[in-house]
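An overview of the molecular structure
Single-letter residue listing:
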Amino acid sequence: MEKRKTRIMVTNRKKFQGVLNILSFNRHFYVIGLLVLAIALTVLLLLKLPTIIVWITISAFVYGLVTPLLVSAYVYDFSGYYSFKWLQPHINDNTSVIKIVNINAGFDETSFILQTKFPTSEIKVFDFYNKKQHTEPAIVRARNVSLTYPNTQQITTNKIPLKDKSTDLVFLLSAAHEIRNNKEKETFLKECKRICKPEGKIIMVEHLRDVPNFLAFSIGFTHFFSRKTWKNAFKNAGFSKIEEVKFTPFMSVFNCSN
């Protein structure tokens, strides 16, 4: 009964839960931003600079603080990201998906939802979070409030404890970018390929280091990786088919298979 309550709680997301998560996990950026804005305005007023400069400064800071929240609300709360309707074009038949692996980086908002989407499938969940390597305050805070899917296993990025060719579908949902080293990314993707059946595939969803995300997150877009970086990583990991489809202007769905 308790497991059922937990699953319902996770799958029935609250309004603006996505943007509230972003605001909560990254609150240190907003505190620092507001402090810098206050200092900048104080200096500008003391120097008695033209009013237009003051307003330009205020506008720049407001844009940098508010736009990421608006984009996050759009992507995570209004685009249907958590409804998984975007997934249908990437899989031929739900009934053919028997074994699913969902891999996260310490914050899991999707495993319970996937279980409702694939009720007859076996879902294994792995977490590659490493507190020595993944030290960003946002991921630490996210991990503290994340509900853990039953039997989630802690892993390293170079070893997934499954047999070769045992999995139909591997999900990497807004998690793989936490692997900052390119060589480590390739090693991790090789492991994902190893556990995929010959007809299996990986579905990865990521923000990219591109113009739309620069306009949305300014310097924060450097936390993501470029399309070229991801395609090279998949290619070097041995994938022969790499397809990318935009899900909103700010996120991409990569469908990769052997």
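Because the structure is a prediction, the values reported are computed rather than measured.

Cut-off values and rules
- Residues numbered from 1 in each chain as written.
- Predicted model: local features only at pLDDT ≥ 70, side-chain atom pairs only at ≥ 80, totals over all residues.
- Heavy atoms only, no water.
- Buried < 20%, exposed > 50% of the residue type's maximum accessible area, 1.4 Å probe, protein only.
- UniProt positions renumbered as here; feature names shortened; annotations may be inferred.
- Helix = DSSP H or I, 4+ residues; strand = E, 2+ residues; numbered from the N terminus.
- Disulfide = S-S within 2.5 Å.
- Axes fitted to C-alpha atoms, helices over the stretch in contact; angles between N-to-C directions.
- Parallel < 35°, antiparallel > 145°, perpendicular 65-115°, else oblique.
- Contact = heavy atoms within 4.5 Å.
- Pairing = 2+ DSSP bridges.
- Polar contact = N/O pair within 3.5 Å; in protein donor to acceptor, adjacent residues only side chain to side chain.
- Expected span 1.5 Å × (residues − 1).

**Topic: unusual backbone geometry**
Phi is positive for K48, which is not a glycine, with a value near 55 degrees. By relative accessible area, which is 75% here, K48 ends up exposed.

**Describing the UniProt feature "transmembrane region" (unreviewed entry) in the protein**
Those places that UniProt annotates as "transmembrane region" (unreviewed entry) correspond, in this numbering, to residues 29–47 and 53–76. What you have in residues 29–47 is 95% helix and 0% strand, and the ends, taken at the C-alpha atoms, are 27 Å apart. What you have in residues 53–76 is 100% helix and 0% strand, and the ends, taken at the C-alpha atoms, are 35 Å apart.

**Some details on the state of the cysteines**
By the definition in use, this model includes zero disulfides. Looking at C192, it has no disulfide partner, and the nearest cysteine sulfur is the one in C196, 7.1 Å off. Assessed through its relative accessible area of 0%, C192 is described here as buried. C196 supplies the cysteine sulfur nearest to C256, a cysteine that is in no disulfide, at a spacing of 9.7 Å. Judged by relative accessible area, C256 falls into the buried class, the value being 0%.

**A few points about the packing of helix α3 (residues 27–46) against helix α4 (residues 51–78)**
At a closest axis distance of 10 Å, the pairing of α3 and α4 adopts a crossing angle of 175 degrees. Our classification of the angle between α3 and α4 gives roughly antiparallel. Residues Y30, G33, L34, V36, L37, A40, L41 and L44 of α3 form the contact with α4, whose own contacting residues are I53, V54, T57, I58, F61, L65, P68 and L69.

**Looking at the sheet that holds strand β1 (residues 99–104)**
The strand order across the open sheet built from seven strands is β3-β2-β1-β4-β5-β7-β6, with neighbouring strands paired in mixed fashion. Sheet topology places β3 (153–154) and β6 (241–247) at the edges, where each strand pairs with a single neighbour. Across two bridges, the pairing between strand β2 (residues 122–127) and β3 is parallel. Directly across from D127, in β3, lies its bridge partner Q154.

**Some words on the pairing of β6**
The pairing of β6 with strand β7 (residues 251–257) spans seven bridges and is antiparallel. Among the inter-strand pairings, K241 is bridged to a residue of β7, identified as S257. The antiparallel hairpin formed by β6 and β7 contains three residues in its connecting segment, where T248 sits at a positive phi of about 70 degrees.

**Focus on the side chain of N255**
As for its placement among the helices and strands, N255 is situated in strand β7. Looking at N255, the relative accessible area reads 7%, which means it is buried. Polar side-chain contacts of N255 include one of 3.4 Å to the backbone oxygen of H90.

**Topic: the environment of H90**
As for its position among the elements, H90 is in the loop between α4 and β1. The residues contacting H90, other than those within four sequence positions of it, are K201, I203, V245, V253 and N255.

**Brief notes about the environment of K201**
Checked against the element boundaries, K201 lands in strand β5 (residues 196–207). In the structure, K201 is positioned 110 residues away from I91 in sequence and 9.0 Å away in space, judged by C-alpha atoms. Setting aside residues no more than four positions away along its own chain, K201 makes contact with H90, D168, L169, V170, C196, N255, C256 and S257. One polar contact links the side chain of K201 to the main-chain carbonyl oxygen of H90, over a distance of 2.8 Å.

**Observations regarding α3**
Every α-helix carries 3.6 residues per turn, so stepping three or four residues along brings you back to the same face. Compared with an ideal rise of 1.5 Å per residue, which puts 20 residues at 28 Å, α3 spans 29 Å between its outermost C-alpha atoms and is within 8% of the ideal. For α3, the set of buried residues is H28, Y30, G33, L37, L41 and L44. Positive phi appears at K48, one or two residues downstream of α3, with a value of about 55 degrees.

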